[in-house]
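Observations on the model geometry
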Amino acid sequence: MKIEDQPRRGVLASLFGGLWWLVDGTRRLVVNLLFLFIVVAVLFAVFGGSAPRLAEKTVLVLDLAGPLVEQRSGSARDAALGQLQGQDAQQTRLRDVIAALDAAAREPRITSVLLALDGLSGGGLTAQREVSSALVRFRSGGKKVVAWGTSYDQRQYYIAAHADEVYLHPMGMLTLTGYGRLRNYYREAFDRLGVSANVVRVGKFKNAAEPYFANAPSPETLESEGMLYNALWSLYTDGVEKARKLPAGTLGKAIDALPGSLVAVGGDVGRLALQSKLVDGLKTRDELRKLLVERGTEDAQSKSFRQIDLHGYLARIKPQRSGDAVAVVVAEGEIGDGLAPPGRIGGRSTADLIRKARDDGQVKAIVLRVNSPGGSALGSEMVRRELELVRGVGKPVIVSMGDLAASGGYWISMAADEVIADPATITGSIGVFGMLPTAEGLMDKVSVRTGGISTTWLGTAYDPRKALDPRYEQLIQSSVDHIYADFTGKAAAARKTTPQKIDEVAQGRVWSGAQALQRGLVDRVGSFADALSAARARAQLPEDARVTYVEQEPGRLQTLLGFLDSAVLQGAVQGAAQGALQALGLPAVGTPLAAGALRDLRDDLGGLAGLATPGHPFAAVVHCLCEPAW
């Protein structure tokens, strides 16, 4: 029997071995063919000749996608792999839009700009104002800007309103809601679960942790946020009404009268927008295309108007590579202690970038572009200290505040020769809090007991499984009080006043940039361009001195993947990858589903869980838990 089974086993082994060889060989073939397609696309893009000459009467198309950001988050690898999978970048750098508009204003072959804003999904009022100012500069030379959308939300419309002509699809919507937010409050839910937040804070307006220990917003929160939102809404309505040449108060009256007004036009939002002079016409996409062809030149190949997109135009702009410069360090996102990727601030990694600029002989001044709600107090101080050292060697430091420069975002701004905020910047929030969540009640509910021994009381003073030791809570309160005193002391020194005066406008309260100016927390209001001019002036550089961004240097693999994601190659590589998949009979990879309705709950409770990380039971947090006004 054993002798007869051996040949049969040999046949089965050979069969399975052959199948594995076939599967493995097919896998290698697919990967190699895909790689070959990409290599050919890269070689063609690099050596296939320079970009064709820009033709006369070309329209610059700004089809903005995702949020407006100061710095793209994530790695070059993630972006490149997304391109290979057919996914858009879904982030638009603010500086790219401004650079393209300013260059196009000087380019005689660019006669107009088309704003296509359907894909724009984020960015605060400050970023919107920066783009709108660039549009005004472009128009000042006699060139036209046309905006078109299937619909406009509030942020999209602010930018569109600064065009010469605003068109809406006949079936489109125009939504203006004002500013404000609703937050979840978890106190009752925590009580029922047996969870205690144990919030320790300084500042009666420091409401970042309020949802965890209250069931509703406090009077201080309503006062602070009401004053902030009203100021921002006033900036918004004033900007739109001036751009559209509407009487002051038009938007507010239109919103108040909306129910009756919409009924009067049979529920036709587009018609109402046209009657209200919020748009100049209702056009389908083909009607817009025909209009632009008639005004410009038809492109025979595309059978549309002659055009170039943002990525294609940016690839033509050649930045200066040498000479004295103003260095820009972007501080965007939440602040941590150590190393952080682009789109976040690391106490160590961001300080390293500042030190690199300080040691560069060609860098004569530094602009810190801040867009941050704060985070770690330690990480914030590491960044602030490094800027202090820059000033110590005689190089001027200018802080330019973007959408957010609050709490830790304000802390890192306190070592500057000059602080410039946009009137719509959300800043201040000078306060500190800590949270030590415990679940002793939950442990009781599930009949789990905790016991043990420690050589000192501190060893078991804080454990999420049992009630917080009052002695430990006292220690944390003392630490938070000390950090607040340090915060206000450094702010007083930076603003040339007293800690008592700072405390009057601190207490964790948020302010708009214009309100912060009135209270002495910033030096003046202005744009990013104003900050660059201030840096050049203090460093005695000419107004056209070059600007260089100091950012993390990628490794070899990151460099290659970043190259594949560049404006020149992204179309070629994406097309090659999708072509290869189609040639092999494989489906293209789709985009991920949008976040669900539980996003706020996930974010809130995720932040709470992050404060109870093992090894870091307590962190002094200088965070406003606020968002830019959209």
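A few points on the structure. Keep in mind that this is a model prediction, so the values were computed, not measured. (Residues numbered from 1 in each chain as written. Predicted model: local features only at pLDDT ≥ 70, side-chain atom pairs only at ≥ 80, totals over all residues. Heavy atoms only, no water.)

Once that is clear, we can look at empty space enclosed by the protein. Enumeration according to the criterion identifies one cavity of 30 Å³ or more in this entry. In this structure, the largest cavity spans a volume of roughly 60 Å³. Surrounding the largest cavity, Glu70, Leu94, Arg95, Ile98, Val330, Arg369, Phe528 and Tyr549 form its lining. If you tally residues by element for the lining of the largest cavity, the top one is helix 3 (residues 94-106), at three residues. When the residues that make up the lining of the largest cavity are grouped by side-chain class, the tally is five nonpolar, no polar and three charged. (1 Å grid on protein atoms, 1.4 Å probe; cavity = no way out; pocket = protein on both sides within 12 Å on 5 of 7 lines; lining within 4 Å. Points joined across faces, edges and corners; volume = space filled by probe spheres on them. Helix = DSSP H or I, 4+ residues; strand = E, 2+ residues; numbered from the N terminus. Nonpolar A, V, L, I, M, F, W, Y, C, P; charged D, E, K, R; others polar.)

This paragraph deals with the pattern of salt bridges. Side chains bearing opposite charge may pair, as long as their charged atoms lie close to each other. On inspection of all chains with the given rule, the structure shows 33 salt bridges. A salt bridge links arginine 295 to glutamate 165; the nearest nitrogen and oxygen atoms lie 2.9 Å apart. In this pair, arginine 295 is assigned in helix 12 (residues 285-295) and glutamate 165 in strand 7 (residues 165-168), connecting sequence segments 130 residues apart. Glutamate 165 gets classed as buried once you look at its relative accessible area, which sits at 15%. (Salt bridge = Lys/Arg side-chain N within 4 Å of Asp/Glu carboxyl O. Buried < 20%, exposed > 50% of the residue type's maximum accessible area, 1.4 Å probe, protein only.)

For the rest of this paragraph, the subject is the pairing of strand 13 (residues 325-332). The buried fraction of strand 13 is high, at eight of eight residues. Of the two faces of strand 13, the one holding Ala325, Ala327, Val329 and Ala331 and the one holding Val326, Val328, Val330 and Glu332 are both buried throughout. Of the pairings in the sheet, the one linking strand 13 to strand 16 (residues 363-372) comprises eight bridges and is parallel in character. Each residue of the ladder has a partner; that of alanine 327, found in strand 16, is isoleucine 366. (Pairing = 2+ DSSP bridges.)

Along the chain, the position of tyrosine 152 falls in the loop between strand 6 (144-149) and helix 5 (154-160). Judged by relative accessible area, which is 2%, tyrosine 152 ranks as buried. As for tyrosine 152 and histidine 169, which are separated by 17 residues in sequence, their C-alpha atoms are 9.8 Å apart. Of the polar contacts made by the side chain of tyrosine 152, one reaches the backbone nitrogen of tryptophan 148; its length is 3.3 Å. (Polar contact = N/O pair within 3.5 Å; in protein donor to acceptor, adjacent residues only side chain to side chain.)

Another aspect to go through is the nonpolar core. Ranked by size, the top nonpolar core spans 59 residues in total, and within it Leu60, Leu62, Leu115, Tyr157, Tyr236 and Tyr313 carry the most contacts. At seven residues, the largest contribution of residues to this core is made by helix 3. When neighbours within four sequence positions are excluded, leucine 60 is seen to be in contact with Ala100, Ala104, Ile110, Ser112, Val113, Leu114, Ile308, Asp309, Leu310 and Tyr313. The next biggest cluster of nonpolar side chains, apart from the first, holds 53 residues, and it includes Ile345, Ala416, Ile430 and Tyr462. (Core = buried A, V, L, I, M, F, W, Y, C linked by side-chain atoms within 4.5 Å. Contact = heavy atoms within 4.5 Å.)

These results come straight from atomic positions and should not be treated as a statement about function.
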